[in-house]
Structures are given as C-alpha cells and as structure tokens.
Number of protein chains: 2
Amino acid sequence: MYSTVMSTSERLIEATRELLWERGYVGTSPKAIQQQAGAGQGSMYHHFAGKPDLALAAIRRTTEEMRAAAEATFADGRTAHERISAYLLRERDVLRGCPVGRLTMDPEIIASAELRAPVDETLDWLRHRLAGIVQEGLDQGEFAPSVVPDEIAAAVVATVQGGYVLARASGSPDAFDAGVRGLLSLLAPPPNSH
Amino acid sequence: MYSTVMSTSERLIEATRELLWERGYVGTSPKAIQQQAGAGQGSMYHHFAGKPDLALAAIRRTTEEMRAAAEATFADGRTAHERISAYLLRERDVLRGCPVGRLTMDPEIIASAELRAPVDETLDWLRHRLAGIVQEGLDQGEFAPSVVPDEIAAAVVATVQGGYVLARASGSPDAFDAGVRGLLSLLAPPPNSH
DNA sequence: GTCTATAGCAGGATAGAC
DNA sequence: GTCTATCCTGCTATAGAC
C-alpha cells in the first residue's frame, strides 16, 4: 500500500517494481500487484494492457533509476580508480539483490525482446560507461598498459552482480564486500607508481 | 522425456534439475515436472513428499555436480594462477546461467533454510577452495603480497556468477568472457616476476 | 508403484454495471 | 476510472482403485 499522494497508475507501477525485485516476473501475479498497490482488478486493466505491459513500465523506471544511481557515483572521484571505487563501494541493499540483474534469470523476460531490451541496454550502457573511465585512467597512466578497458568494465559489473549471488546464498553481505575489495585491490595502482 | 534406462524416481529428479535451471523454483510446477519426466501424478507423490522434497533432491545432485566439476578444473594446472585460469576458462553453457547461483534469486529457496543450505554450502566451499589455492600461490610468491586470499576467491566466484548475468542480458557469452579475461589480466603475475 | 478422480485455490484476463 | 462478477486454466495436493 502506498500513500494517496500517488495516482493509481503510479501505485501500480511502484508495486510492480517491488514485486519484480523480490519475486521476479514469473513469481509476480496481477492479484499480488493489485493488493500491494491498493487497486482493484478493473483499475489495473484500465491503465495497463496486462501483466507484460505493466512490467515493462516498471522495468523501464527501475533501469532509469539504476543509470542515475551509477552516474551519481561516477561524479564522486577525480581519478578513474576513485570513480570505480565509488561505484563499487556505494551503499547497496545487498541482500535484496540487483533489481535489474535479477531479471536476467527470468525465462519470460529473456524470451521477450521487449522486456529484455531495457535490461540489456542498461547493463550495456554501464559497461561502456565504465570502460570509458578505465580508458581515461589508462591515458593518465593510472593502470598497467596491459589493461583492456572493456574487460575491466565487464569484470567490475560482473563482480557486483555476482556479489549479490554470493551474499544472498550466504544470507550476509560479507561475500559481496569481499569480492569488491578483492577486485579493487587488484586494480589498485602499484605502490611505486607515484 | 528420458530413456527408459532410468527409474521413475531418477527421471523425476533429472526433470526437476532441468526445470529448476531453466525456470527456477517458483516457475516450476509439479505438472511440468511430471510431463518432462514422463511420470504420472501418483508416481511423483509416491516417490516424493511434494515439490519442496523433490526440489531438495534435485538441488543436492546439482550442487554435487558443481563441486565435482570445479574440483576437476583445479587439477588442470600446476601454479595457482593456472588452476584459477582453468576454473575460470572452463567450458560453460553460459547463456543457460549457473544452475546453482540461479537459485539464489528465488524467494522461496532463500526463505527455506533446507533448500538454501546446499546452495550456500556449495558456494562457500568453492570460495574456501579457491582461497586455499590463492594462499598457495601467495606462498610461492606468485601474487603481490597485498593479495588477500578470501577476497580474491570471492572476486573470482562473483565474476563467474555476474558474468552469467551479463551474458544472459545481452544474449551473448561475450561479456562473460570479457569479465573473466579482465580479472585474469589483473591477477596475472607481473612480466618481471620471473 | 502407478493410475484416475477429485478438490480447493490462484493465475490471468474479460464483461459490463456504476 | 473503478467495481464486481465471471471465465477458464493451471497449481499443488489427497484419496482410493488397480
């Protein structure tokens, strides 16, 4: 249930976002959405064509938020290493998992080009954005010349996404933090580099 | 459908393993299992108490296989770096995702201590096993002294698990491979180390 | 061991009144 | 715009015959 300052359509989208995050697409039913949104059956089908349509609206909003959150962390550092650190170390609700990455495990999301597109585009954008930052660091001599920006970017995003898996398996964020620290330690400029 | 050389109970377990991998726990119904196994309703409930019981048997077998597969790769190298490389570079059905890691995104698996336990124990075992290998490499002077075994182990497993996410999002194994190469490049002994 | 029958409930959606 | 009624199918399981 949400406060009445939100329109019914807004509440439906927010409810869907919550449920997709927690239970995935397959595990989320229209009835559950309606209950969480405090909206009736008729209301939902008035505003949205059905479950896929509503899910698409929810996924689009979630991916937009993810981009904004990532972009915000990139402003937090001067050097490439600082900006990547800021991204990796930013506060996360680790045990809830990634609301975007989670969707990739859903067979019906993957099977639908429309539903998969925002997920794909967002993770792709993130990798390219990170690769650009790595390239800048490379240009500044911050990293070993053997570093390949696309590969480091993929490793950074994968460490985060995989960190969620380890954390949820163990019921503790420790493994997430350990993975991030491990990657950052490998990426750290050698002590003799200045 | 499976060949008749397998017992009904075996076919039920194998069918459940396939469906859990592809659709997760929430997305897998007893009826789907029965159809895939070529078994009737009564058969399933004769051999297993219900969906959770059958899932537990399937998960246990899948986690056992995962351990054996990982252990096999660790025999493939002499140095720590070689053994970690072998683990990371081993052939995988990347677009299908990890049959164990996938389960962590399932709310009903996480909510059940019994179902989560084998998943947790297996990923935990893998991290400890890798940490031991990193420690050996550290003892041999293979890695920088700043390397922390537990952290590198977590980063290795997370890169694999997250690589699956990136691959499935994009519909291509490329991002998985890139992440793995990125991590390995950072872990590579410096060229002047010999 | 396997089969069919049955049950109660939820999923996903449509229809039409208000 | 929202509500209630209704629909058909599938989920998860139990019962009891064979």
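Residues numbered from 1 in each chain as written. Chains lettered and ligands numbered in written order. Predicted model: local features only at pLDDT ≥ 70, side-chain atom pairs only at ≥ 80, totals over all residues. Heavy atoms only, no water.

Under an unreviewed UniProt entry, the name given to chain A is Fatty acid metabolism regulator protein, and the source organism is Streptomyces hundungensis.

Trainee: Looking at this model, I keep getting lost on the overall build of chain A. Mind explaining?
Mentor: Per the secondary structure count, chain A includes 9 helices and 0 strands. From first element to last, N terminus to C terminus, chain A shows the α and β order α-α-α-α-α-α-α-α-α. Expressed along its principal axes, the backbone C-alpha trace of chain A runs to roughly 65 × 35 × 30 Å. Every one of the 194 residues in chain A was classed for burial, and the buried ones make up 53%. Put simply, of all contacts in chain A between residues at least 6 apart along the chain, 68% involve residues at least 24 apart. (Helix = DSSP H or I, 4+ residues; strand = E, 2+ residues; numbered from the N terminus. Buried < 20%, exposed > 50% of the residue type's maximum accessible area, 1.4 Å probe, protein only. Contact = heavy atoms within 4.5 Å.)

Trainee: Please explain the protein's contact with DNA strand C as it appears in this structure.
Mentor: Surrounding DNA strand C, one finds 14 residues, the nearest of these being Ser 29, Pro 30 and Gln 41 of chain A together with Thr 8 and His 47 of chain B. At 3.0 Å from a phosphate oxygen of DNA strand C is found a side-chain nitrogen or oxygen belonging to Ser 43 of chain B. Only α2 (30–37) and α3 (41–47) of chain A together with α3 (41–47) of chain B provide two or more residues apiece to the surface near DNA strand C. Broken down by element, the residue count for the surface near DNA strand C peaks at 5 residues, all from α3 of chain B. Among the residues making up the surface near DNA strand C, the classes are represented as 2 nonpolar, 10 polar and 2 charged. (Near = heavy atom within 4 Å. Polar contact = N/O pair within 3.5 Å; in protein donor to acceptor, adjacent residues only side chain to side chain. Nonpolar A, V, L, I, M, F, W, Y, C, P; charged D, E, K, R; others polar.)

Trainee: Mind showing me how you'd approach the pattern of salt bridges here?
Mentor: Any two side chains of opposite charge can pair, given that their charged atoms come close. Residues and elements named next belong to chain A. Taken as a whole, this structure holds 24 salt bridges over all chains when the rule is applied. Among the salt bridges present, the one from Glu 65 reaches Arg 17, with a minimum N-O distance of 3.1 Å. Pair noted here: Glu 65 is in helix α4 (residues 51–74) and Arg 17 is in helix α1 (residues 8–23), with a separation of 48 residues, a long-range link. Its relative accessible area of 13% is what places Arg 17 among the buried residues. (Salt bridge = Lys/Arg side-chain N within 4 Å of Asp/Glu carboxyl O.)

Trainee: How should I be thinking about the UniProt feature "domain: HTH tetR-type" (unreviewed entry) in chain A in this particular structure?
Mentor: In the numbering used here, UniProt assigns the "domain: HTH tetR-type" (unreviewed entry) feature to residues 6–66 of chain A. Helix makes up 77% of residues 6–66 of chain A and strand 0%, whereas the separation of the span's terminal C-alpha atoms amounts to 21 Å. (UniProt positions renumbered as here; feature names shortened; annotations may be inferred.)

Trainee: Hey, could you run me through the state of the cysteines in this one?
Mentor: Note on terminology: a disulfide is the covalent bond linking the sulfur atoms of two cysteines. Scanning the entire structure with this criterion turns up 0 disulfides over all chains. Here Cys 98 of chain A is not cross-linked by a disulfide; its sulfur's nearest cysteine counterpart is in Cys 98 of chain B, at 17 Å. (Disulfide = S-S within 2.5 Å.)

Trainee: It is not clear to me how the side chain of Thr 28 of chain B should be interpreted in this structure. Could you clarify?
Mentor: Residues and elements named next belong to chain B. Examined against the element boundaries, Thr 28 turns out to sit in the loop between α1 (8–23) and α2 (30–37). We classify Thr 28 as buried; its relative accessible area is 4%. One polar contact links the side chain of Thr 28 to the main-chain carbonyl oxygen of Gly 24, over a distance of 2.6 Å.

Trainee: So what exactly am I meant to see when it comes to the protein's contact with DNA strand D here?
Mentor: Around DNA strand D there are 15 residues in total, and Thr 8, Gly 42 and His 47 of chain A together with Pro 30 and Gln 41 of chain B lie nearest to it. Within 4 Å of the protein, the atoms of DNA strand D are drawn from sugar and phosphate moieties in a proportion of 59%. Here a phosphate oxygen of DNA strand D and a backbone polar atom of Gly 40 of chain A are 3.2 Å apart. For the surface near DNA strand D, the elements supplying multiple residues, two or more each, are α3 of chain A together with α2 and α3 of chain B. Per-element accounting of the surface near DNA strand D gives the leading share, 5 residues, to α3 of chain A. Its residues assigned to classes, the surface near DNA strand D comprises 2 nonpolar, 11 polar and 2 charged.

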